[in-house]
Amino acid sequence: MGHLGIEWYNAVAARDGGYRRTWDSEFEGPDGETAFTGWLRRTIPSHPRVLDVGCGDGLYTLVMSSLAERVTGTDYAENMIRLAERHKREAALTNVDFVWTGGRVEVYPFPDRAFDLIYSRRGPTSHLADARRMLRPGGLVAGIHSGDRERVLERLAVNGYELLAGDEYAGTERLKTLRDLALWLSRIPGAPDYTAPEMAGDLERIASTYERSNRGITVPHWRFIWVARWNG
Ligand SMILES: C[S@@+](CC[C@H](N)C(=O)[O-])C[C@H]1O[C@@H](n2cnc3c(N)ncnc32)[C@H](O)[C@@H]1O
């Protein structure tokens, strides 16, 4: 049997056609996703060779490519890379590469010092050891995650990065219907497909643990944004 995470993400790529949102919702309070995108937009112009680790379907990588000299997206799930390649062809962009890791989890097929900035948008943090090799001295690693604050900080410290920022954004997301909750839950890594009829009981039980009103079901939208430098 292969790596469980890879199998799950390959299945999600086949089931949902990528990683874009398939549910209807509204955000309230601090919005870490917008903050992270804003930080990348300000930072990429002075860090032109960019690697997106855990790029998924590549749509976000393609958006970032407009600011970079060259962006590479990499992922361990082959189905995700196939989708990313298709999105690249549709966008007809020439400064983007998508590279499958070959199914490897913590070792990446790129030369030493190839990048100025390596980011992970809700992708892995296990790349941080190999990222030191792929960054030029003074290069940055950054990420946004919906959990894992302690693990990220520990991995940055263990691998000798200088922490520049670590900010929490505690907002909420209001999902319009029970089906929106099912779609949202089904994207939690490793989760089953909560839209399946046999999951209805579990779905109701989980929904009862969140605040519900006639406007929808409110779930936490917590994000941790981190930035660190590799001083070589
Ligand atoms: C939550 S999705 C996010 C996808 C994309 N970054 C986005 O924002 O839409 C996480 C992605 O990271 C990939 N991934 C997880 N661990 C990885 C690893 N160790 N190396 C490479 N890719 C990984 C998964 O296959 C998946 O496509």
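A.B. asks: Help me understand unusual backbone geometry, please; the structure alone is not making it clear to me.
C.D. replies: Apart from glycine, the bulk of residues carry a negative phi angle, and the bulk of peptide bonds sit in the trans form. For Ala-92, which is not a glycine, the phi torsion comes out positive at approximately 55°. Topologically, Ala-92 is positioned in the loop between helix H4 (78–91) and strand S4 (96–100). Despite not being glycine, Asp-148 shows a phi value in the positive range, around 70°. When you line up the elements, Asp-148 lands in the loop between strand S6 (135–145) and helix H6 (149–158).

A.B. asks: Just to check I follow, could you spell out the domain arrangement of the protein for this structure?
C.D. replies: When the parts of a complex come together, some accessible area is lost, and that lost area is often taken as the interface size. In terms of domain boundaries, the protein breaks down into domain 1 (4–19 + 30–172 + 221–229) and domain 2 (173–217). Here domain 1 and domain 2 have C-alpha centroids that lie 27 Å from each other. With 5 residues of domain 1 in contact, the opposing surface of domain 2 contributes 5 residues.

A.B. asks: What is the right way to look at helix H7 (residues 178–185) in this model?
C.D. replies: In an α-helix, one turn spans 3.6 residues; hence positions three or four apart end up facing the same way. Within the sequence span of H7, burial applies to Asp-180, Leu-181, Ala-182, Trp-184 and Leu-185. Among the structural elements, strand S1 (25–28), strand S7 (162–175), helix H8 (200–207) and strand S9 (216–229) are those in contact with the buried residues of H7.

A.B. asks: It is not clear to me how the pairing of strand S5 (residues 115–121) should be interpreted in this structure. Could you clarify?
C.D. replies: In summary, the side chains of a regular strand alternate between the two faces of the sheet. Taking burial as the measure, the 7 residues of S5 include 7 buried ones, the bulk of the element. The pairing of strand S2 (residues 49–53) with S5 spans 3 bridges and is classified as parallel. Among the inter-strand pairings, Leu-51 is bridged to a residue of S5, identified as Ile-118. Pairing of S5 with S6 involves 6 bridges; the strand directions are parallel. Following the sheet pairing, Phe-115 is matched in S6 by Leu-135. Read from S5 through helix H5 (residues 128–134) to S6, the crossover connection turns out right-handed.

A.B. asks: How do you make sense of the nonpolar core when you look at a structure like this?
C.D. replies: Soluble, globular proteins show a tendency: their nonpolar side chains are buried together. Counting 33 residues, the largest nonpolar core has Val-50, Met-64, Phe-115, Leu-117, Ile-118, Met-134 and Val-141 as its most contacted members. When residues of this core are traced back to their parent elements, those giving at least two are helix H2 (32–43), S2, helix H3 (59–64), S5, H5, S6, H6 and S9. Considering every element that reaches this core, the biggest residue donor is S6, with 5 residues. Beyond its immediate chain neighbours, meaning those up to four positions away, Val-141 contacts Ile-118, Leu-128, Ala-131, Tyr-161, Ala-228 and Trp-230. Formed by 11 residues, the second largest nonpolar core is a distinct cluster that contains Tyr-9, Cys-55, Ala-84 and Phe-98.

A.B. asks: What is the right way to look at the packing of helix H1 (residues 4–16) against H4 in this model?
C.D. replies: For any two helices packed against each other, the geometry is given by the interaxial angle and the distance between the axes. One can describe the packing of H1 onto H4 by two numbers: an axis separation of 7 Å at closest approach and a directional angle of 40°. For the element pair H1 / H4, the angle class is oblique. Counting all contacts with H1, which are made through Tyr-9, Asn-10, Ala-13 and Ala-14, the residues of H4 involved are Glu-78, Asn-79, Met-80 and Leu-83. Looking at the contact of H1 with H4 residue by residue, the class counts come to 5 nonpolar, 2 polar and 1 charged.

The rules behind each value
- Every chain is numbered independently, its residues counted from 1 as its sequence is written.
- Under the rules for a predicted model, residues below a pLDDT of 70 receive no local features and side-chain atom pairs below 80 are neither given nor counted, while totals for whole chains, interfaces and linings still include all residues.
- Helix numbering and strand numbering both begin at the N terminus, where a helix is a DSSP run of H or I of at least 4 residues and a strand a DSSP run of E of at least 2.
- Note that the domain bounds were set by an automatic or database domain assignment.
- Residue pairs are scored as contacts if the distance between their C-beta atoms, which are placed from the backbone, is within 7 Å.
- Around each residue's C-beta, the other C-beta atoms within 10 Å are counted; 20 or more make the residue buried, 12 or fewer make it exposed, and counts in between make it partly exposed. All C-beta atoms are placed from the backbone.
- At least two bridges found by DSSP between two strands are what make those strands a pair.
- With the strands pointing away from the viewer, any crossover whose connection runs clockwise from the first strand over the helix to the second is right-handed.
- Nonpolar cores are built from buried Ala, Val, Leu, Ile, Met, Phe, Trp, Tyr and Cys residues. These are joined into a set through C-beta atoms within 7 Å.
- Inter-axis angles, ranging from 0 to 180 degrees, are taken between N-to-C directions of lines fitted to C-alpha atoms, where helices are fitted over the stretch in contact.
- An angle counts as roughly parallel when it lies under 35 degrees, as roughly antiparallel when it exceeds 145, as roughly perpendicular when it falls between 65 and 115, and as oblique in every other case.
- Here the nonpolar group is Ala, Val, Leu, Ile, Met, Phe, Trp, Tyr, Cys and Pro; Asp, Glu, Lys and Arg are the charged ones; every other residue, Gly included, is treated as polar.

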